[in-house]
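Coordinate analysis (summary)
Each chain, letter by letter, is given below.
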Amino acid sequence: MSYFNVEKISYEGPKSKNPFSFKYYNPDEIVLGKTMKEHCRFAMSYWHTLTYMGNDPFGGPTMFRPWDNTNDTMEKAIERVHAAFEFMDKMQIPFFCFHDADIAPRGKDLKETNERLDKIVAVIKEEMNRTGIKCLWGTTNAFGDDKFVHGAGTSCNATVFAYAAAQIKKAMEITKELGGENYVFWGGREGYETLLNTDTGLELDNLARLLKMAVDYAKEIGFTGQFLIEPKPMEPTKHQYDFDTATVLSFLRKYDLLDSFKLNIEANHATLAGHTFQHELNQCRINGVLGSVDANQGDPMLGWDTDQFPTNIYDTTLAMYEILLAGGLGKGGLNFDSKVRRGSFEEDDLFLSYIAGMDTFAHGLKVAAALLEDRVLEDFKARRYASYQEGIGKDIIDGKVGFKELEAFALSNGVTKNTSGRQEMLESILNQYIANVNE
Ligand code: XUL
Ligand code: CO
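The rules behind the values
- Residue positions within a chain follow its written sequence, with the count starting from 1.
- Labels follow written order: the first chain is A, the first ligand is 1, and so on.
- Only residues with pLDDT of at least 70 are given local features in this predicted model, and only at 80 or more are side-chain atom pairs given and counted; all residues enter the totals for whole chains, interfaces and linings.
- The basis for every side-chain value is the complete set of non-hydrogen atoms in the structure, without hydrogens or water.
- A 1.4 Å probe that fits but cannot get out identifies a cavity on a 1 Å grid over protein atoms alone, an open set with protein on both sides within 12 Å along at least five of seven lines counts as a pocket, and a residue lines either if it has an atom within 4 Å of a point.
- Grid points are joined across faces, edges and corners, and a volume is the space filled by probe spheres set on the points.
- To qualify as a helix, a DSSP run of H or I must reach at least 4 residues; to qualify as a strand, a run of E must reach at least 2; elements of each kind are numbered from the N terminus.
- Gly is placed with the polar residues, together with every amino acid not listed as nonpolar (Ala, Val, Leu, Ile, Met, Phe, Trp, Tyr, Cys and Pro) or charged (Asp, Glu, Lys and Arg).
- Only protein chains enter the accessibility calculation, which uses a 1.4 Å probe. A residue is then buried if its area is under 20% of the maximum for its type, exposed if over 50%, and partly exposed in between.
- His is not counted, nor are the chain ends; Lys and Arg add positive charge and Asp and Glu add negative charge.
- Should a side-chain nitrogen of Lys or Arg be within 4 Å of a carboxyl oxygen of Asp or Glu, the pair is scored as a salt bridge.
- Here, two residues are considered to be in contact whenever any of their heavy atoms come within 4.5 Å of each other.
- Being near a molecule or strand, for a residue, comes down to having at least one heavy atom within 4 Å of it.
- Two N or O atoms form a polar contact when they lie within 3.5 Å of each other; inside protein one atom must be a possible hydrogen donor and the other a possible acceptor, and for residues adjacent in sequence the pair counts only when both atoms belong to side chains.
- Criterion for pocket placement: a molecule counts as inside a cavity or pocket if more than half of its atoms are within 2 Å of its grid points.

Under the criterion given, the structure shown has four cavities of 30 Å³ or more. Taken as a whole, the largest cavity spans an internal volume of roughly 210 Å³. As for the largest cavity, its lining consists of 20 residues, and the residues nearest its centre are Ile168, Phe185, Trp186, Gly187 and Glu190. Elements represented by at least two residues in the lining of the largest cavity include exactly strand S6 (182-186) and helix H7 (200-221). Take the lining of the largest cavity: its biggest share by element is four residues, from S6. Partitioning the lining of the largest cavity into residue classes produces twelve nonpolar, five polar and three charged. Of the pockets and cavities examined, the second largest cavity occupies roughly 50 Å³. As for the second largest cavity, its lining consists of Pro231, Lys232, Pro233, Phe243, Asp244, Ile265, Glu266, His269, Ala270, Ala273 and Glu280. Taken together, the elements giving at least two residues each to the lining of the second largest cavity come down to strand S10 (261-266) and helix H9 (267-272).

Following this line, the structure appears as structure tokens:
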């Protein structure tokens, strides 16, 4: 059975007028010594692609999918697996990401839920073997059920903490079973609405306890995937504990967890935190914790997590620039935590959206590589900071001087003239590279 009326998508180049083709993503093309496929490690998000039906706070579903035709929830879950793999195969997407709740319907209790997960995992494994598609990461949905109303690891209710731990345990086991290369912790409802009723100290200690248990359990079962924390500043709670990269880093340092975790940076979460996507990737890079990316974009006019497909070439260029400087994504990838708009309700829109996202990142990769090859920003920055290469600057870097020596220096030398930061010139050069990279 086929769910999509679309042929396999292939590369036709920037001049192609065929909407069902890649204009920039050419999987086997070599960029800076690696194929585009290796650089990008694209992944499909199971939740936005297979289970999202277009609901918003004002209206119900608009997307009536051919894989949702049955009322039997387990049958539906199996159909979704087949649709997922047909889609990824046709899209040349090598990885997928999932929450436990995306792949199998919840049972009446934990035991039945886990049995259902096992059944669907077996079907997924068959499809993975058939297609060669792999699992980038798994995670648990410990935020949707009413039991998680006050959080999971940060709930005021210890039995909810225990339930969340049990759910994570199972999700880690199935991620291992599927060969998942990472395991993600996004803070779901780990945050607060008001300090009038919240013990933030205890809640954060408990969150660290939960993560420590996950690290211990991974060792116990031999799960070697990379643990990732995904920062987000707000939504669903008013104040999420994993606000941004800097906040997560200080949490990991305080609880001595830095060796066991890296970060999964989502573009729309960065902008909600008042940062650019590039800023968050940059902070991960300089701290050696860049793990993976949730690729999407927000809308500057809307203050919430719109999870749109990334089509802004400036953002993807600067993101790929940071990723290349970081030495690549390692075990991570570019997971499209992106959903089609409510009005883009046809199955074809899934293809067209993923093509847009993959092409925008591939285009960005080529621009970033060209910028790096020509050392455009590197040479400019080297000149900008040249005063630290010699004289008093070098003494500062080498730790040879303190306040007294610097005072003596300032008294006898004053300061040299500052030079322009040339921001507009650099922005214009960036435009030039974006426009000309395919010529
Ligand atoms: C929510 C979000 C999640 C995580 C995984 O904003 O990004 O889908 O990526 O739980
Ligand atoms: Co995400």
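Turning to its location among the elements, Glu266 is positioned in strand S10. Buried charge Glu266 goes without a salt bridge, the closest partner of opposite sign being Lys232 at 6.1 Å. Once residues lying within four places of it in the same chain are set aside, the contact partners of Glu266 are Glu230, Asp294, Asn296, Asp305, Asp307 and Asp337.

Here the focus is the site of ligand 1. If you check the shell around ligand 1, you find Trp47, His99, Trp137, Trp186, Glu230, Lys232, Glu266, His269, Asp294, Asp305 and Asp337 and nothing else. Here an oxygen atom of ligand 1 and a side-chain polar atom of Lys232 are 2.9 Å apart. With respect to ligand 1, the side chain of His269 contributes an N or O atom lying 2.9 Å from an oxygen atom. Of the pockets mapped on this structure, ligand 1 occupies the largest pocket. The residue makeup of the shell around ligand 1, split by class, is three nonpolar, two polar and six charged.

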